[in-house]
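# An overview of the molecular structure
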Amino acid sequence: MALFWRSKILVMEIESTYGVSADPDGADAVLAKDVTLSPMEGNDLDRELEQPFFGSTGSIPTELHVKLSFKVELAPSGTAGTAPAWGKLLRICGVAETIIAATSVAYNPITDDPEAGTIQFFIGGTRHVMLGARGTASFEMTANQIPYINFELWGLFSLPTEEIRPTPNLSAWKRPQEVGDTYTTLTLDGEAGLIMRKFMMSMNNQVEPRFLVGSEEILITDRTEQIECTIEATDLATYNPYSAAFNQSEIAMTLAHGTGAGRIATFGFTKAQMQRPQGLETPQNITEWPLRLVPIPTAGSDQWTLTLT
């Protein structure tokens, strides 16, 4: 029987003990798009045996792991102080979640003891399981488009099996508001009147499958966030990115998206170093600056925040 790719089901839950299945079910379903699965990554160890004739002596698969990538719509839960459906996915990317009941949910990067998750991916009745999954993420907002979070996740390999498919409950996933003048505002270095085309913040987690005697784990070993933000060029009296880059300025930046209680997502950067502007873009014969900024920690784990209110 054919396995229709469109029929896939993705479920994920946070593990209490690393590498021990959290047994996600239909209530933990993920509403994703642009899904790609690499079900058996690793290396093939060639035996390279000497024999008195030509021919291979075979290989042994090692360091087996699974890689999964997809994107989800960046839409808060719709209720202030209630975590969004995608919150658990951020948590396994080295991000802490802080909930203030009936008020807000905040996310910020962490260095030590990131959480991990169990992911089950069904194609027909074939179930692929990723244990100890961790990864990286990026956030993208483009004018007149849906805002997204892009995930790349790695997990320990388990042999696929045939199982009964869960019934996914996707009610926690809310409809997003499009990026645009109605819902989105940018403030850069105190200037609130700038016109933005697109924004992307990449976490750039360094994710390392590490396989040793006594330990097999997916690790996050480093992180270097990067912001890319394209804005309409202005006169230099209004804003001067060249001066900011030349003086190695560390500037504040805020990007807020959404309207209505429980539907607002605000990115905050207290110190983002302006990088050298490289080139100009001219859509519709209007000059735009493609800017690059690097978030800088102050006390640690505070180079960016995402607050939902």
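Parameters at a glance
- Residues numbered from 1 in each chain as written.
- Predicted model: local features only at pLDDT ≥ 70, side-chain atom pairs only at ≥ 80, totals over all residues.
- Heavy atoms only, no water.
- Helix = DSSP H or I, 4+ residues; strand = E, 2+ residues; numbered from the N terminus.
- Buried < 20%, exposed > 50% of the residue type's maximum accessible area, 1.4 Å probe, protein only.
- Contact = heavy atoms within 4.5 Å.
- Areas by Shrake-Rupley, 256 points an atom, 1.4 Å probe, with all protein chains shown as cover.
- Lys, Arg positive; Asp, Glu negative; His and termini not counted.
- Charge placed at Lys NZ, Arg CZ, Asp CG, Glu CD.
- 1 Å grid on protein atoms, 1.4 Å probe; cavity = no way out; pocket = protein on both sides within 12 Å on 5 of 7 lines; lining within 4 Å.
- Points joined across faces, edges and corners; volume = space filled by probe spheres on them.
- Nonpolar A, V, L, I, M, F, W, Y, C, P; charged D, E, K, R; others polar.
- Core = buried A, V, L, I, M, F, W, Y, C linked by side-chain atoms within 4.5 Å.

What follows deals with the overall build of the chain. Regarding its fold elements, the chain presents 2 helices and 18 strands. When the backbone C-alpha atoms are referred to their principal axes, the chain occupies close to 75 × 50 × 40 Å. Looking at the chain as a whole, 43% of its 309 residues qualify as buried. In the chain, the share of contacts with a sequence separation of at least 24, taken over all contacts with a separation of at least 6, comes to 68%. For the chain, the exposed surface amounts to about 15800 Å²; the carbon and sulfur share of it is 50%. Side chains of the chain carry 21 positive and 37 negative charges; the gap between the two charge centres is 5 Å.

The next thing to look at is empty space enclosed by the protein. On inspection of all chains with the given rule, the structure shows 2 cavities of 30 Å³ or more. By volume, the largest cavity is sized at about 50 Å³. Around the largest cavity sit Glu73, Ala75, Pro76, Ser77, Pro84, Ala85, Trp86, Ala172, Trp173 and Lys174, which together line it. Looking at the lining of the largest cavity residue by residue, the class counts come to 7 nonpolar, 1 polar and 2 charged. Here the residues of the lining of the second largest cavity sort into 4 nonpolar, 7 polar and no charged.

In terms of nonpolar packing, the biggest core is built from 61 residues, with Phe70, Trp86, Leu89, Phe139, Phe151, Phe199 and Leu306 touching the most fellow members. Discounting residues that sit within four places of it in the chain, Phe70 has contacts with Leu10, Val30, Ala32, Lys33, Asp34, Val35, Leu89, Ile149, Asn150, Phe151 and Leu153. Among the nonpolar cores identified, the runner-up in size contains 7 residues, and Val129, Leu131, Trp154 and Phe211 belong to it.

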